[in-house]
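Architecture at a glance
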Amino acid sequence: MNGPNEENLKELFERFLNSKQARRAVEDVQKAEQILREHPAPKPDKELIADIKVKIARALPRRKVNAFRRIAYKIAAVAAALILITAISVKLFEKSSGESGKKIATTSTMPEIIWESDDTAANDANLATLTAEVEQIESEILALQLGENNGNGYKAVTELEMELIEINSDFWKG
Amino acid sequence: MAENDDLAPMITGCKKGAPECFSQLVDIYASRLFGYFYRLTGDNEVSDDLLSELFVKLVEKISSFKGGSFDGWLFKIASNIFYDYLRGKQRQKKLLEAQKKQLESNKQKAQQSDNDRIDKLQIQLKKLDVDTRELIMLRFYSQVSFKEIAKMRSEPIGTTLSKLHRGLKKLRELMN
């Protein structure tokens, strides 16, 4: 086997060694490769070569089937990915729609403490009391505005306001 | 070393699944690849098996050859097959037994002049570590450039040169 390739070995070795060392390295390589050339390996049997050719002929149709299978698997994988992406998208869309509906509910006028409470009866009673008191205050304010409390209007309004604040704070404390 | 231009029509034919093109490649490369496997395993039967495995693998992999040095690409597959073979526990055991047998029979054959030279090389090659032996055989049988070998082995060219130089120097000393 002559000249494995057209490489300039000396030039190659000189990239790592000085000129003298590179020359010696090239000699080492050439002499060792000469030994390999002088000791050729056995050749493969003709029967083996014939057998390999038969094996190749057998493997060729299998390769076509395998290629078809690979294409089929790829198509199946792409289809599965598309289905999965579509399913996830639909799910996400539904979720985001649901979340916007919830936002509307939380901005309603119902106090959160009552909304989340399980004691419906007590809450209803509290609400009834609050409503009654607010109505009473309303009528008293109206009476004051109409001048029905004998000229002591300013003090009465202040008292009413204080009462309103007190009721309100009592209510929210539960 | 087969030129890529000469090989191009054969490779194209192989990609299309033409058996005669594969046959041509077998005729061109079988000797060198067999020599490569034989020098690494020291066993005729194992070399036969590995050579068959290589060409069957070539049928499967030819479509993945995208150009460049075909020799380098083919010997890379051969190298992988050799290392896979070594990795197989059972096979490794078999190799050791085969090597033992080989060494014994080689000693007996050592008297005969012609065979003596061949066997002597095989005996001395066994004294090198697998990696160095593989590198020497890859260089000798694949006939690809050092640059290509370094690329195949994923190591710097300086490392490849240094390993090969040391290995060949040691082989020379052993042979002398």
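Coordinates for the structure precede this section.
Residues numbered from 1 in each chain as written. Chains lettered and ligands numbered in written order. Predicted model: local features only at pLDDT ≥ 70, side-chain atom pairs only at ≥ 80, totals over all residues. Heavy atoms only, no water.

Considering the overall build of chain B
Short version of the rule: Numbered from the N terminus, helices here are DSSP runs of H or I no shorter than four residues, and strands are runs of E no shorter than two. To sort residues, take the accessible area from a 1.4 Å probe on protein chains only and compare it with the maximum for the residue type: under 20% means buried, over 50% means exposed, and anything in between is partly exposed. For this analysis, residues touch if any pair of their heavy atoms sits within 4.5 Å. Methods summary: accessible areas were calculated by the Shrake-Rupley approach with a probe of 1.4 Å, and residue burial reflects only the protein chains presented.
Scanning chain B from terminus to terminus reveals nine helices and zero strands. Order of helices (α) and strands (β) in chain B, N terminus to C terminus: α-α-α-α-α-α-α-α-α. Looking at the 176 residues of chain B, the share that counts as buried comes to 52%. When contacts within chain B are restricted to residue pairs at least 6 apart in sequence, those whose partners lie at least 24 apart make up 63%. Carbon and sulfur atoms form 49% of the exposed surface of chain B, whose accessible area is close to 8,400 Å².

Considerations on the interface of chain A and chain B
Put simply, the test is: Note on definitions: salt bridges are taken to be side-chain nitrogens of Lys or Arg within 4 Å of carboxyl oxygens of Asp or Glu. Each residue receives one of three labels: charged for Asp, Glu, Lys and Arg, nonpolar for Ala, Val, Leu, Ile, Met, Phe, Trp, Tyr, Cys and Pro, and polar for the others, Gly being one of them.
Each partner contributes to the interface: chain A provides 36 residues, whereas chain B provides 49 residues. Counting across the chain A and chain B interface gives three salt bridges. For A:Asp28, the salt bridge identified is with B:Arg172, shortest N-O distance 3.0 Å. Those elements that place two or more of their residues in the side of chain A that touches chain B are α1 (9–14), α2 (19–38) and α3 (46–106) of chain A. With eleven residues, the single largest contributor to the side of chain A that touches chain B is α2(A). Class assignment for the residues of the side of chain A that touches chain B results in 21 nonpolar, two polar and 13 charged.

Notes on the packing of α2(A) against helix α9 (residues 157–175) of chain B
Quick note on the threshold: Simply put, an axis is a line fit to the C-alpha atoms, just over the touching stretch for a helix, and the angle between two N-to-C directions goes from 0 to 180 degrees. Orientation is classified from the angle alone, with under 35 degrees giving roughly parallel, over 145 giving roughly antiparallel, 65 to 115 giving roughly perpendicular, and any other angle giving oblique. Crossing handedness: left-handed means the near helix sits turned counterclockwise from the far one by under a right angle, and right-handed means the same turn made clockwise.
Where α2(A) meets α9(B), the axes come as close as 9 Å, and the angle between the chain directions of the two elements is 55°. By the angle between their axes, α2(A) is oblique relative to α9(B). As for how α2(A) packs across α9(B), the hand of that crossing is left-handed. The residues of α9(B) that touch α2(A), namely those facing A:Ala25, A:Glu27, A:Asp28, A:Val29, A:Lys31, A:Ala32, A:Glu33, A:Ile35 and A:Leu36, are B:Leu164, B:His165, B:Leu168, B:Lys169, B:Leu171, B:Arg172 and B:Met175. The class makeup of the residues in the contact of α2(A) with α9(B) is nine nonpolar, one polar and six charged.

Thoughts on the packing of helix α3 (residues 44–61) of chain B against helix α4 (residues 70–87) of chain B
Packed helix pairs are characterised by how far apart their axes lie and by the angle those axes make with each other. Residues and elements named next belong to chain B. Two numbers describe how α3 lies on α4: the axes approach to 10 Å, and their chain directions differ by 125°. The angle between α3 and α4 falls in the class oblique. The element α3 and its partner α4 pack so that their crossing is right-handed. For the pair formed by α3 and α4, the contact residues are Val46, Leu50, Glu53, Leu54, Lys57, Leu58 and Lys61 on the first element and Phe70, Trp73, Leu74, Ile77, Ala78, Ile81 and Tyr85 on the second. In the contact of α3 with α4, the residues fall into eleven nonpolar, no polar and three charged.

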